Amino acid sequence: MQRNFGITNSPVLKKQEKSLEIVRDNLEEGVMGEAENGGVIKIDVSIEEGSAEEAEVVFHENKHQEEMNATNADGEPLLYYDDNKVIDNIANITYTRKDGNLINDKTGETFEEGHKKLPHEIRAWAAGEKGKSAFSKKNVKLKNK
Ligand SMILES: [Zn+2]
């Protein structure tokens, strides 16, 4: 099922509102949301529509999306994803993607994709928390279009 949202009253999301598309999908177990290159955010079908949890996932994934769309002074995306690599140009870390893991190219440290200790995930979780609390205080509305 496909559904588009208009997300109002959020300075973070306002400028992207037109290009942000939110799609419900049956995602892999344990995965609540996915940000795809090209402005699509996928949300797992288990998450209730209009809930604070949904707001959290949207803001979390939107943070990834924002970083993928923004560039630094060298013209590189702040966050880059492809099938083999993840490059975090904010924390200056390059990872190799393998079997659902991200391996730090410098240190060899391995984390599961989406692990809360990864710097780009820390940033996204912080954005998700902010979105959730703003939603709970009714400063943010998720509405059907
Ligand atoms: Zn994430």
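Residues numbered from 1 in each chain as written. Predicted model: local features only at pLDDT ≥ 70, side-chain atom pairs only at ≥ 80, totals over all residues.

Draft legend 1. Representation of the overall build of the protein. Assigned secondary structure in the protein consists of three helices and ten strands. Starting at the N terminus and walking to the C terminus, you meet the elements of the protein as β-α-β-β-β-α-β-β-β-β-β-α-β. Scored against the burial criterion, the 145 residues of the protein give a buried share of 28%. When contacts within the protein are restricted to residue pairs at least 6 apart in sequence, those whose partners lie at least 24 apart make up 37%. (Helix = DSSP H or I, 4+ residues; strand = E, 2+ residues; numbered from the N terminus. Buried ≥ 20, exposed ≤ 12 C-beta atoms within 10 Å, placed from the backbone. Contact = placed C-beta atoms within 7 Å.)

Draft legend 2. Fine view of the sheet that holds strand S9 (residues 110-112). Taken in spatial order, the five strands line up as S5-S6-S7-S8-S9 in an open sheet, and their pairing is antiparallel. This sheet does not close on itself; its edge strands, each paired only once, are strand S5 (79-81) and S9. When strand polarity is set aside, the average angle formed by the axes of neighbouring strands in this sheet is 20 degrees. (Pairing = 2+ DSSP bridges. Axes fitted to C-alpha atoms, helices over the stretch in contact; angles between N-to-C directions.)

Draft legend 3. Layout of the pairing of strand S8 (residues 101-104). Bridge count between strand S7 (residues 93-98) and S8: four bridges; the pairing is antiparallel. The partner of Arg 97 across the bridge, within S8, is Leu 102. From the end of S7 to the start of S8, which pair antiparallel, there are two residues, and Asp 99 there has a positive phi angle of about 50 degrees. Remark: five residues form the turn of the hairpin made by S8 and S9, two consecutive strands paired antiparallel; Gly 108 in that turn has positive phi of roughly 80 degrees.

Draft legend 4. A look at the nonpolar core. Ile 22, Ala 35, Ile 41, Ile 43, Ala 55, Val 57, Val 58, Phe 59, Ala 124, Ala 127 and Phe 135 form the largest nonpolar core, which has eleven residues in total. Breaking this core down by element, the ones donating at least two residues are strand S4 (40-44), helix H2 (52-69) and helix H3 (119-136). (Core = buried A, V, L, I, M, F, W, Y, C linked by C-beta atoms within 7 Å.)

Draft legend 5. Representation of unusual backbone geometry. Phi is positive for Asn 92, which is not a glycine, with a value near 55 degrees. Position of Asn 92 relative to the elements: it lies in the loop between strand S6 (85-88) and S7. Taking the C-beta count within 10 Å as the criterion, Asn 92 has 9 such neighbours and is therefore assigned exposed. Non-glycine residue Asp 99 carries a positive phi angle of around 50 degrees.

Draft legend 6. Summary view of the sheet that holds strand S3 (residues 33-36). Sheet architecture is open: three strands sit in the order S2-S4-S3, paired in mixed fashion. Edge positions in the open sheet fall to strand S2 (21-25) and S3, since each of these has one partner strand only. Looking at each pair of strands side by side, their axes are set apart by 20 degrees on average, direction ignored. Two elements, S3 and S4, share four bridges in a ladder whose sense is antiparallel. In the sheet register, Glu 36 faces S4, and the bridge partner there is Val 40. Contacting S2, S3 and S4, H2 crosses the sheet at an angle of about 25 degrees to S3.

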